[in-house]
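Next come the chains, spelled out residue by residue.
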Amino acid sequence: MSTQDNEEASGTAPASAGRRTFIKASVATAAAPMILTSRKSGAQAIVVPPSPPVKFWQVELPTETKVLQPVAALDPAPLAWANVGAGECGRGDHPRYDQLCANPLFYELRARENPDWVFNPAYPPQPVWGWQGSDGQVTAPGPTFLARYGKPNIVRIYNELPQEHIGYGSPEISTHLHNAHNPSPSDGFPGDFFSPLKAGPNLSVPGQWRDHFWPNIYAGIDKFGGIGDPREALGTCFYHDHNLDFTAPNVLKGQIGFYLIYDDLDSGDEHDPNPAALRLPGPPYDYPILLQDMRFDANGMQTYDQFSPEGILGDRVAVNGKILPVLKVARRKYRLRVVNGGPSRFYFLHIVTKIGTSNVWQPFIRIATDGNLLPRPLYNHKKIEIAPAERADIVMDFSMYPIGTVLFMIDRQIQLDTRGPAGVGPSRQILKIIVDREPPEPDVSRIPLTLRQLPWINPAHIEAAPVRQFVFDRTNGQWAVNGQLFDVENPRAVVRKGDYEVWELVNPSGGWHHPIHIHLEEGRILRKWDIETGLEIPIQAWDRGRRDVYTLAPNTAMRIFLRFRDWEGKYVMHCHNLVHEDHAMMVRFDITA
Ligand SMILES: [Cu+2]
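In this report, we go over the structure that sits alongside the text.

So, how was this worked out
Residues numbered from 1 in each chain as written. Predicted model: local features only at pLDDT ≥ 70, side-chain atom pairs only at ≥ 80, totals over all residues. Heavy atoms only, no water. Core = buried A, V, L, I, M, F, W, Y, C linked by side-chain atoms within 4.5 Å. Buried < 20%, exposed > 50% of the residue type's maximum accessible area, 1.4 Å probe, protein only. Contact = heavy atoms within 4.5 Å. Helix = DSSP H or I, 4+ residues; strand = E, 2+ residues; numbered from the N terminus. 1 Å grid on protein atoms, 1.4 Å probe; cavity = no way out; pocket = protein on both sides within 12 Å on 5 of 7 lines; lining within 4 Å. Points joined across faces, edges and corners; volume = space filled by probe spheres on them. Nonpolar A, V, L, I, M, F, W, Y, C, P; charged D, E, K, R; others polar. Donors = N, O, S within 2.8 Å, 3.2 Å for Na, K, Ca; no water. Pairing = 2+ DSSP bridges. Salt bridge = Lys/Arg side-chain N within 4 Å of Asp/Glu carboxyl O. Disulfide = S-S within 2.5 Å.

1. A look at the nonpolar core
Of all hydrophobic cores here, the largest spans 38 residues; its most connected members are Phe470, Phe472, Trp503, Leu505, Tyr550, Met573 and Phe589. Leave out the neighbours within four places in its chain, and phenylalanine 470 touches Val481, Asn482, Ala493, Trp503, Glu504, Leu505, Val506, Met573 and Val587. Core analysis: the next-biggest nonpolar cluster, separate from the first, contains 33 residues, Trp57, Ile256, Phe258 and Tyr262 among them.

2. Quick look at the environment of arginine 231
One can find arginine 231 in the loop between helix H3 (221–224) and strand E11 (236–241). Along the backbone, arginine 231 and leucine 552 are 321 residues apart, and their C-alpha atoms lie at a distance of 26 Å. Those residues in contact with arginine 231, other than ones at most four positions away along the chain, are Phe224, Arg452, Gln453, Leu454, Pro455, Trp456 and Arg546.

3. So, the layout of surface pockets
By volume, the largest pocket is sized at about 580 Å³. If you trace the largest pocket, you find 27 residues lining it, with Glu385, Lys528, Asp543, Thr551 and Ala553 closest to the centre. Mapped by element, the contributors of at least two residues to the lining of the largest pocket are strand E20 (364–369), strand E22 (384–386), strand E31 (524–530), strand E33 (549–552) and strand E34 (556–563). Here the residues of the lining of the largest pocket are counted per class, giving 14 nonpolar, six polar and seven charged.

4. Considerations on empty space enclosed by the protein
Under the defined criterion, the tally for this structure stands at nine cavities of 30 Å³ or more. In this structure, the largest cavity occupies an estimated 70 Å³ of space. In terms of lining, the largest cavity is formed by Glu232, Pro455, Glu521, Glu522, Gly523, Arg524, Arg546, Phe561, Leu562, Arg563 and Arg565. Per element, the largest residue contribution to the lining of the largest cavity is three residues, and it comes from E34. The calculated volume of the second largest cavity comes to roughly 50 Å³.

5. Here we look at the environment of leucine 61
Residue position: leucine 61 is located in the loop between strand E3 (59–60) and helix H2 (97–100). Here leucine 61 falls in the buried class, since its relative accessible area comes to 4%. Once the C-alpha coordinates of leucine 61 and glycine 321 are considered, the two residues, 260 residues apart in sequence, prove to be 9.2 Å apart. In this structure leucine 61 touches Tyr287, Val319, Asn320, Lys322, Pro325, Val326, Leu327 and Leu431, once residues within four positions along its chain are discounted.

6. Structural notes on the coordination of the copper ion
With distances of 1.9 to 2.1 Å, the protein atoms coordinating the copper ion are His514 (ND1), Cys575 (SG) and His580 (ND1). We note that the donor set of the copper ion lies within a single chain, spaced as H-x60-C-x4-H. The same class applies to cysteine 575 and to histidine 580, which are both buried.

7. Here's the deal with the sheet that holds strand E21 (residues 372–381)
Strands belonging to one sheet form pairs held by backbone hydrogen bonds; the direction of such a pair is parallel or antiparallel. Within the open sheet, the seven strands sit side by side as E15-E14-E13-E17-E23-E20-E21. Their pairing is mixed. A strand with exactly one partner marks an edge of an open sheet, and here the two such strands are strand E15 (322–323) and E21. Here E20 runs beside E21; their pairing, made up of four bridges, is antiparallel. Its bridge partner being in E21, phenylalanine 364 is matched across the sheet by histidine 381.

8. Observations concerning the pattern of salt bridges
Enumeration over the complete set of coordinates arrives at 46 salt bridges. Note that aspartate 229 and arginine 231 form a salt bridge whose closest N and O atoms lie 2.9 Å from each other. One salt bridge in this structure joins arginine 335 and aspartate 393, with 3.1 Å as the shortest N-O distance. One end of the pair, arginine 335, is in strand E17 (residues 333–340); the other, aspartate 393, is in strand E23 (residues 391–397), with 58 residues separating them in the sequence. Grouping residues by exposure puts arginine 335 and aspartate 393 together as buried.

9. Focus on the sheet that holds E34
What the six strands build is an open sheet, ordered E27-E26-E29-E34-E31-E32; its pairing is mixed. Each edge of the open sheet is held by one strand with a lone partner, namely strand E27 (478–481) and strand E32 (536–537). Inspection of the sheet shows strand E26 (residues 467–475) paired to E27 by four bridges, in the antiparallel sense. Each residue of the ladder has a partner; that of aspartate 473, found in E27, is alanine 480.

10. A short note on the side chain of asparagine 250
If you trace the backbone, asparagine 250 turns up in helix H4 (residues 247–252). What asparagine 250 contacts, discounting residues up to four positions off in sequence, is Trp129, Gly169, Ser170, Glu172, Asp241, Asn243 and Gln255.

11. With respect to the state of the cysteines
Tallying each qualifying case throughout the model produces zero disulfides. Of all cysteine sulfurs in the structure, the one in cysteine 101 sits closest to cysteine 89, which takes part in no disulfide; the separation is 17 Å. You can call cysteine 89 buried: its relative accessible area is 0%.

Structure below.
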């Protein structure tokens, strides 16, 4: 274990943590009385009482994801620049707007409190900070976008959260669309948070709303023209708050939702007459599943400690906002898109049937990692390991089971604190799946032998690429990169647009895992190794595609090949253990002309 691991968590607040310190003083009453702190072997451990008992399998999930519908027009009409006079916050201008914003779809997305959300019938209705859907209901997670490459979206995001807020979370928002190839002013940069009352350090003025220009383009428009290189497509994305210092509590309170992107290849249409179309299972059999790790107090109210750099590990898993729910499925193939919504828990998942008390692992086909289709499907998989923010798309064929069959999604990850996984052990059930009906029409979906080609990387480019090293470790009880805390004003790396680089990510800690997320571009893992022994660590088949989360196990490092295409401006790389992110394990990097 490194000396950094043994450092006390409550060091002196650094100068750059002014906002964190201020908020801490003003709202510290919310969660603090719940937290008992003990110290063992010099390391601080958070001891919190377990959540009260819950009721099993009382709540049904909807049989299809709730889709956000576009609106006919936005009033006032969107502009490339901030319409401050009409109430928009002072964001930067949308770049390449005339080039890439022909015939957009318009969406309104309202961040609002739902005062009566029920996670489980054993717990009282309680407030969440969700998103209002087309039906007027505020849910957490929010409604799902079904986006299409080549069809730009202008999403007007209103911040209607209660501004006189006491408790964890902070009612400013900066919404990031993980990991879309989006222009910097619409990327949800942490310092771009806004509310009617407050503007982040990178905005000029507060506002009621902000337009996000999400053009749904592939990376590579400068080189390929049009909407870029289709081999760079993303599929399973999610939008979530990225507010400086408060991402973990705000996401836990509900500031998260799905954003699925289709194109001609992965069109979401099982009947697609285009011979090139994959015809994978499409909506409503294309079903995203968000896992969020939560903790509840003795009264059954969700609790969180946003001030501890150790965070709190949950002991209840919400599946699409419900604890221990039931999903009823038809006897046919489903595409299940599993997203780890954090904040700090890792999962080791199986889908099982029960024979007596034994779990029988069921096979499925893995088709995507981090939302990106793999070159070929991986057959006969029986487990999914995902760190915070990682995604796994699988196809599960429920036609193999008679009507009435009951299956469970179970988690076997042992995790004792927010440090990361500590092995695999006994299972706990998190979702019950019942095969309860025949599909209304024959299942014509299929899993072709090839999915999406990977862009070829010229080995000479890898050889010639400059290498930047980033070391993820602790400094004075905070989480740091290269010994420095996050600085929202100053980039730690400046990259020229169009360049490629190798980034070496190093985790010298003996105890902590860090799932590192790099905004804007996916990368390819070139190699992984143990930094103590120097031994190479094999790259698994499902890690060989394009990734946007790179999970560093303790005492390991990896090298990633990255390009920085099409956009200029400020972006971030950070640990997606949201507790580490909020406690400064983040780097601003700028892309310049
Ligand atoms: Cu971390």
